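Results of the structural survey
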Amino acid sequence: MDAAEQNHLLPKKKKSETEDDKRRKRIVAGSLLKAVVRPGGGDSSPKDADQIIYHCTVRTLDGVVVESTRSECGGRGLPIRDVLGKSKMILGLLEGIPTMHKAEIAMFKMKPEMHYAEKDCPVSAPGNFPKDDELHFEIELLDFAKAKARSHHQNQDNSALIASDDLGVIKKILNEGEGWESPREPYEVKAWISAKSGDGQVILAPKEEPYFFTFGTSEVPKGLEIGIGTMARKEKAVIYVRKQYLTESPLMHIAQDLEEVHFEVELVHFIQVRDMLGDGRLIKRRIRDGRGEFPMDCPLQDSRLSIHYRGMLLNEDKTVFYDSRIENGDQPLEFSSGEGLVPEGFEMCTRLMLPGEIALVTCPPDYAYDKFPRSPPGVPKGAHVQWEIELLGFETPRDWTGLDFQSIMNEAENIRSTGNRLFKEGKFELAKAKYEKVLREFNHVNPQDDDEGKVFGDARNMLHLNVAACLLKLGEWRKSLETCNKVLEAKPGHAKGFYRRGMAYMAGGEYKDARNDFNMMIKVDKSSEADATAALLKLKQKEQEAESKARKQFKGLFDKKPGEITEVGSEIREETRTIEEVDETKDNDGDDEETQEEENTATVSTERKRKWSEKAWPILKNVMVQIGIQLCVALLGVYIFQFVSARFT
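Residues numbered from 1 in each chain as written. Predicted model: local features only at pLDDT ≥ 70, side-chain atom pairs only at ≥ 80, totals over all residues. Heavy atoms only, no water.

1. Let's talk about unusual backbone geometry
- The linkage connecting Glu185 with the following residue, Pro186, adopts the cis geometry, with an omega of 0 degrees.
- With respect to the helices, strands and loops of the structure, Pro186 is situated in the loop between strand 8 (169-175) and strand 9 (188-197).
- For the bond running from Phe294 to Pro295, omega is 0 degrees, close enough to zero to count as cis.
- For Pro295, the location among the structural elements is in the loop between strand 15 (283-288) and strand 16 (304-313).
- Within the chain, Ala103 stands out as a residue other than glycine whose phi angle is a positive 75 degrees.
- The topology assignment puts Ala103 in the loop between helix 3 (91-96) and strand 5 (105-110).
- At Lys318, a residue that is not glycine, the phi angle is positive and equals roughly 50 degrees.
- Among the structural elements, Lys318 can be located in the loop between strand 16 and strand 17 (320-323). (Helix = DSSP H or I, 4+ residues; strand = E, 2+ residues; numbered from the N terminus.)

2. A word on the pairing of strand 19 (residues 358-363)
- For strand 15 and strand 19, the ladder comprises five bridges, and the chain directions are antiparallel. Considered in strand 19, the bridge of Arg285 is made with Leu360.
- As paired elements, strand 19 and strand 20 (residues 385-395) share six bridges and run antiparallel to each other. Within the sheet, the bridge partner assigned to Leu360 lies in strand 20 and is Glu388. (Pairing = 2+ DSSP bridges.)

3. A closer look at the packing of aromatic side chains
- A full pass over the atoms with the stated rule returns 14 aromatic pairs.
- Ring geometry for Tyr369 against Trp387: centres 5.9 Å apart, planes inclined by 80 degrees, an arrangement best described as edge-to-face. Taken together, the positions of Tyr369 in the loop between strand 19 and strand 20 and Trp387 in strand 20 put the pair 18 residues apart, joining distant regions of the chain. Per residue, the accessibility class of Tyr369 equals that of Trp387, and both read buried.
- Judged by centre distance (6.4 Å) and plane angle (50 degrees), the rings of Trp400 and Phe442 are tilted. In this pair, Trp400 is assigned in the loop between strand 20 and helix 7 (405-424) and Phe442 in helix 8 (residues 428-442), connecting sequence segments 42 residues apart. Residue Trp400 shares its accessibility class with Phe442, and that shared class is buried.
- Ring pairs connect the aromatic residues Tyr309, Phe321, Tyr322, Phe335, Phe346, Tyr369, Phe372 and Trp387, which therefore count as one cluster. (Phe/Tyr/Trp six-rings, centres within 6.5 Å; stacked < 30°, edge-to-face > 60°. Buried < 20%, exposed > 50% of the residue type's maximum accessible area, 1.4 Å probe, protein only.)

4. Overview of the packing of helix 12 (residues 511-524) against helix 13 (residues 529-553)
- Contact geometry for helix 12 and helix 13: axes closest at 8 Å, N-to-C directions at 165 degrees. The orientation of helix 12 with respect to helix 13, classified from their angle, is roughly antiparallel. Regarding helix 12 and helix 13, the two cross each other, and that crossing is left-handed. Contacts between helix 12 and helix 13 involve Tyr511, Ala514, Arg515, Phe518, Asn519, Met521 and Ile522 from the first element and Glu529, Asp531, Ala532, Ala535, Leu536, Leu539, Lys542, Glu543 and Ala546 from the second.
- For the contact of helix 12 with helix 13, a count of residues per class yields ten nonpolar, one polar and five charged. (Axes fitted to C-alpha atoms, helices over the stretch in contact; angles between N-to-C directions. Parallel < 35°, antiparallel > 145°, perpendicular 65-115°, else oblique. Left-handed = near helix turned anticlockwise from the far one by under 90°. Contact = heavy atoms within 4.5 Å. Nonpolar A, V, L, I, M, F, W, Y, C, P; charged D, E, K, R; others polar.)

5. So, helix 7
- With 20 residues, helix 7 extends 29 Å from end C-alpha to end C-alpha; this agrees with the ideal 28 Å at 1.5 Å per step.
- The set of residues buried in helix 7 consists of Phe405, Ser407, Ile408, Met409, Glu411, Ala412, Ile415, Arg416, Thr418, Gly419 and Leu422.
- The elements touched by buried residues of helix 7 are helix 8 and helix 9 (450-473).
- The N-cap residue of helix 7 is Asp404: its side-chain oxygen and the backbone nitrogen of Gln406 are 3.2 Å apart.
- Just downstream of helix 7, Gly426 is the residue with a positive phi angle, here 85 degrees. (Expected span 1.5 Å × (residues − 1). Polar contact = N/O pair within 3.5 Å; in protein donor to acceptor, adjacent residues only side chain to side chain.)

6. Some remarks on the packing of helix 11 (residues 495-507) against helix 13
- Put simply, helix 11 and helix 13 touch, their axes get as near as 11 Å, and they point 5 degrees apart. Regarding the angle of helix 11 to helix 13, the classification is roughly parallel. Residues Tyr499, Met503 and Met506 of helix 11 form the contact with helix 13, whose own contacting residues are Asp531, Ala535, Lys538, Leu539 and Lys542.
- Residues belonging to the contact of helix 11 with helix 13 are distributed by class as follows: five nonpolar, no polar and three charged.

7. What to know about the side chain of Gln386
- Summarising the element assignment, Gln386 is placed in strand 20.
- Only 3.5 Å separates the side chain of Gln386 from the side chain of Thr362, close enough to count as a polar contact.
- Aside from chain neighbours lying at most four places away, what touches Gln386 is Arg310, Gly311, Met312, Leu314, Lys318, Leu360, Val361 and Thr362.

Fair warning: the whole summary comes from geometry, so function is off the table for now.
So, in structure tokens, the structure goes:
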């Protein structure tokens, strides 16, 4: 039996019962009757999650109009728009409308319990509504379409799309767009826009030119922007926006009595604008689309890029300081990303470009040339710059799939060598990224025999130690320590692992652990004795520096007896007074003779402990100096605690 047959035999998961399902179960035969006034077209009927648009006229059984959406019956001419299963509706319509076809007119005769007299009805009856009467509801189903949750993916069935949780914005797709990308803040958008009120009156006529606006700057009503934010290029749609999302904007004035607006929108084009840092300083603006799908076809990983670019200063004259087409004889420039060969802001933006794309990049000094070692002539320190970049193409790194073991190790060594070069240049973050890239790739490598296993293990250990060295340079000694532990867990006698971990311990002030690791180096590998000895000398120097720092920090403190401690003593005396005042208050309430006896006992006890402290102090002082700053403060705290205790015991 195959998997499909097995799945078919599995018991189907029961769909959880909704509140509307529970309401339908309470329907009594004869409480809802339907008569078709005008047949509709087609075979399909609305279902749960469909958006429905309909006119409704309520009459008494004598034909008197109670309320209506139609203008000829005293209504505003604005049809009702609901989503089956999501909108709050009276039970009779919830049950009756799904039996209708598009453009059908039907008359529903409802008992009171089928409209507003239903127990726990989710919809409140309008004022003076005869909710306890049997009534006729005349419904004209104008349109219906599937309403889906907000998504950036195309809907292939010309469905409606719910763009807000409260159903205040719903989009109906008329013509599909191209691609999956939709505009968002701060994209620049160009679109044909017209609008009608819910009753069909034109309130915004089509313009001669498409409307241009920047997304996220309140240049169009909020609901319209929400809807456009779900559209693809060249898509055409109707966006239904209810009153709560009709905000004032330069596009149009919103009249007070507008309950709903239907916007017809054709998204002509949008320009991708990216705030790369999130603070408005580094902005990438696409001025010509590239080939392929964003971001799948961008050089996101380290690649070999081919570009043309023009750089200019953001001064009054927009001074051009470099143009590759002129300076390089119209030959493109090539560089490998991930190696610090171009300014950081430049590389960040090119990684998000498509082949053939042209982008305009505005960059602050710290991401342009202030931290870049090779600043072009004519670019002063602190200069804001603008680059016009054209990505001609790029080559991705070689795929390791299908390579034999030796080829994989050769590729790994090439990347590690690049990392080593970056490390020597002081580009520790970039070097670390190279080592970590190989380690990720190694997760998919399976050596076939013991020889390959040894080569592979040695290479992986070396990469971990390279990462540890980078972390140490970046000031992250704890992470460096953890990385070294991976090596020593894999190979407990790894001399270089002990060395690197010892350096991490030393950076963190854990001198005892560092000394143990350097001594272990010699023990596991005699040839490393010279390196270990040099490390131990450096460790001794560090300890002496720490001791000197401790002496300066506690200058004069170790040369005094407990009763003579000045700065600390003053704080203790302050606390002592507070406690003594409380004790005196308590003593005044008791017997004087008993109080005097207790004070005499306390004095003898304090004197005995003071003599013990005076004898112990030189020993404590010695210990503190020997062990250095790490435990000095802790022991000092213990001693002060003992001293305070002696005062009150």
